[in-house]
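Structural description and commentary
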Amino acid sequence: MGIDGSQFRRVLSHFCTGVAVVTVRHPGGVHGMTANALASVSLDPPLVLVCVGRHARTHRLLPETGSFAVNLLAEDQLELAERFAGRRPELEDPFAGVVWHPRVSGAPIIDGCLGFVDCRLHASHPGGDHSIFVGEVVDLGVPNPGPDDPDRPLLFYRGRYRSLGSQPASRRE
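The rules behind these values
Residues numbered from 1 in each chain as written. Predicted model: local features only at pLDDT ≥ 70, side-chain atom pairs only at ≥ 80, totals over all residues. Heavy atoms only, no water. Phe/Tyr/Trp six-rings, centres within 6.5 Å; stacked < 30°, edge-to-face > 60°. Helix = DSSP H or I, 4+ residues; strand = E, 2+ residues; numbered from the N terminus. Buried < 20%, exposed > 50% of the residue type's maximum accessible area, 1.4 Å probe, protein only. Core = buried A, V, L, I, M, F, W, Y, C linked by side-chain atoms within 4.5 Å. Contact = heavy atoms within 4.5 Å. Salt bridge = Lys/Arg side-chain N within 4 Å of Asp/Glu carboxyl O. Pairing = 2+ DSSP bridges. Axes fitted to C-alpha atoms, helices over the stretch in contact; angles between N-to-C directions.

**Section: the packing of aromatic side chains**
Each aromatic ring pair is characterised by the separation of its centres together with the angle its planes make. Applying the stated criterion to the full structure yields three aromatic pairs. Their ring planes at 70 degrees and their centres at 4.9 Å tell us that phenylalanine 84 and phenylalanine 95 sit as a pair that is edge-to-face. On the criterion of sequence distance, the pair formed by phenylalanine 84 in helix 3 (residues 78–84) and phenylalanine 95 in the loop between helix 3 and strand 7 (100–102) is long-range, its members being 11 residues apart. In this pair, the class of phenylalanine 84 matches that of phenylalanine 95, namely buried.

**Some words on the nonpolar core**
Nonpolar side chains tend to gather and get buried jointly when the protein is soluble and globular. In this structure, Val22, Val50, Val52 and Phe68 are the most contacted members of the largest nonpolar core, which totals 17 residues. Contributing elements (two or more residues each) for this core: strand 2 (20–26), strand 3 (29–35), strand 5 (46–53), helix 2 (57–65), strand 6 (67–72), strand 9 (115–127) and strand 10 (130–141). Those residues within four positions of valine 50 in sequence are excluded, and the remaining contacts are Val22, Ala35, Ala37, Leu38, Phe68, Ser131, Ile132 and Phe133.

**Quick look at helix 2**
Turning to helix 2, its buried residues are Thr58, His59, Leu61 and Leu62. In this structure, the buried side of helix 2 is in contact with strand 2, strand 3, strand 5, strand 6, strand 9 and strand 10.

**Topic: the pattern of salt bridges**
Per the counting criterion, the structure on display carries five salt bridges. One salt bridge in this structure joins arginine 103 and aspartate 139, with 2.7 Å as the shortest N-O distance. Taken together, the positions of arginine 103 in the loop between strand 7 and strand 8 (108–110) and aspartate 139 in strand 10 put the pair 36 residues apart, joining distant regions of the chain. With relative accessibility at 15%, the residue aspartate 139 sits in the buried group. In this structure, arginine 120 engages glutamate 136 in a salt bridge whose closest nitrogen and oxygen atoms are separated by 3.9 Å. Of this pair, arginine 120 sits in strand 9 while glutamate 136 sits in strand 10, and the two are 16 residues apart along the sequence.

**Here's the deal with the sheet that holds strand 12 (residues 160–162)**
With antiparallel pairing, the three strands of this open sheet are ordered in space as 1-11-12. Of all strands in the sheet, those bounded by a partner on one side alone are strand 1 (17–18) and strand 12. The sheet contact formed by strand 1 and strand 11 (residues 155–157) spans two bridges and is antiparallel. Within strand 11, the position partnered with glycine 18 by the bridge is leucine 155.

**Digging into the sheet that holds strand 5**
What holds strands together in a sheet is hydrogen bonding between their backbones, with the strands either parallel or antiparallel. With antiparallel pairing, seven strands are arranged side by side in an open sheet as 3-2-6-9-10-5-4. Two strands bound the open sheet, and with one partner strand each, they are strand 3 and strand 4 (38–43). Here the average twist between neighbouring strands, direction ignored, is 35 degrees. By the bridge criterion, seven bridges tie strand 5 to strand 10 in an arrangement that is antiparallel.

Written out as structure tokens, the structure is:
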């Protein structure tokens, strides 16, 4: 008995994720895609993973460039999430008007993001209709660190973008 794809998607949509834009710099310019399938993998060495659909342009560019950056989006960056998810077809260039700068790998780090990890491609693995790209972190940062940081993450839950409630569920001291 196989698992129904729509039921699989519906059940897993109950797992809340953050939203990021994965970026690469290649000889033809820069490219980015919205992603929510990412995770930290290891502290030593520092590794993260991102899952990319085999049909996506990013799937081809990551191995070609050998590096990528993950830009963690704030709740006020919903427009960027939609832009890099291809939901703004009137924009020929998703980077038009987006302020960014390169770091170690050369991949775009988007100004205003909550944090970023800049990676060198460490490994890739097949994963069904996606590939799992593992990056070794070569640079990272949180632009506005501190306990009074007003930024809040953009979240994805049950097929919609969301934001945190006004109070944290619990504090870990």
